[in-house]
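Chains, contacts and geometry: an overview
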Amino acid sequence: MRLTVTVAAGALLVLPLIALAAGSDDTEPPPATQTSTECVKGQVWDEATKSCVDAESGLLDDDTRFRAVRELAWAGRPEDALIVLAAMTEGRTDRVLTYIGFANRKAGRIDEGLAAYDEALALNPDNILCRSYLGQAYVELGRIDLAEVQLAEIRARGGSGLWAETALQSAIRTGETHDY
């Protein structure tokens, strides 16, 4: 009985890590908050103080910064998203690099975006969100053949039916990419 409980508890601890390894699969645009409606360049809304604070502030954790990055990218503020990404304390993880790639791509710096995606995938080849964004970059460059390679990788890595697959599949079909 004790072994069963221990194994079950261990599985519950590992499952979220497996999901993170595959990358985010958030299918909805992030909701607008004061970060994108009130805060100025390099600032993030801090719920505790009910004010905009610099992204480097010790009041913020990386998950709060990450949500702000996603929101700013969706709001069409990729340069602000890059400022917040630079303040992340977790370092150049595949999560951070994925969004560095995304924000650079949305800011028109495709080569920098592609380099960040490559670095993210070198750290975590199973990051299907990164693969979706990389494939969408290829669609923007007119390289559908390379986008289809990323689509196949997403499927091979368990991403069938997830946002990463459907977003890239749609981009290949329509030529329109996503902002989140």
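As a starting point, this report considers the structure included with it. Keep in mind the model is a prediction, meaning the values are calculated, not measured.

Taken as a whole and judged by the stated rule, the model has 14 salt bridges. Between Glu90 and Arg95 there is a salt bridge, with its nearest N and O atoms 2.6 Å apart. Classification of Arg95 as partly exposed rests on a relative accessible area of 23%. Measuring nitrogen to oxygen at the nearest pair gives 2.8 Å for the salt bridge that ties Asp145 to Arg143. For Arg143, a relative accessible area of 38% puts it in the partly exposed group.

Applying the stated criterion across every chain, the model contains one disulfide. Bridging Cys39 to Cys52, the disulfide has an S-S length of 2.1 Å. Negative torsions about the S-S bond denote left-handed disulfides, and the value of about -90° found for Cys39 with Cys52 makes this one left-handed. Residue Cys39 is found in the loop between α2 (34–37) and β1 (43–46), and its partner Cys52 is found in strand β2 (residues 51–54); the two are separated by 13 residues along the sequence. In this structure Cys52 comes out as partly exposed when scored by relative accessible area, which is 24%.

At Lys50, a residue that is not glycine, the phi angle is positive and equals roughly 55°. Within the secondary structure, Lys50 sits in the loop between β1 and β2.

The rules behind these values
Residues numbered from 1 in each chain as written. Predicted model: local features only at pLDDT ≥ 70, side-chain atom pairs only at ≥ 80, totals over all residues. Heavy atoms only, no water. Salt bridge = Lys/Arg side-chain N within 4 Å of Asp/Glu carboxyl O. Buried < 20%, exposed > 50% of the residue type's maximum accessible area, 1.4 Å probe, protein only. Disulfide = S-S within 2.5 Å. Helix = DSSP H or I, 4+ residues; strand = E, 2+ residues; numbered from the N terminus.

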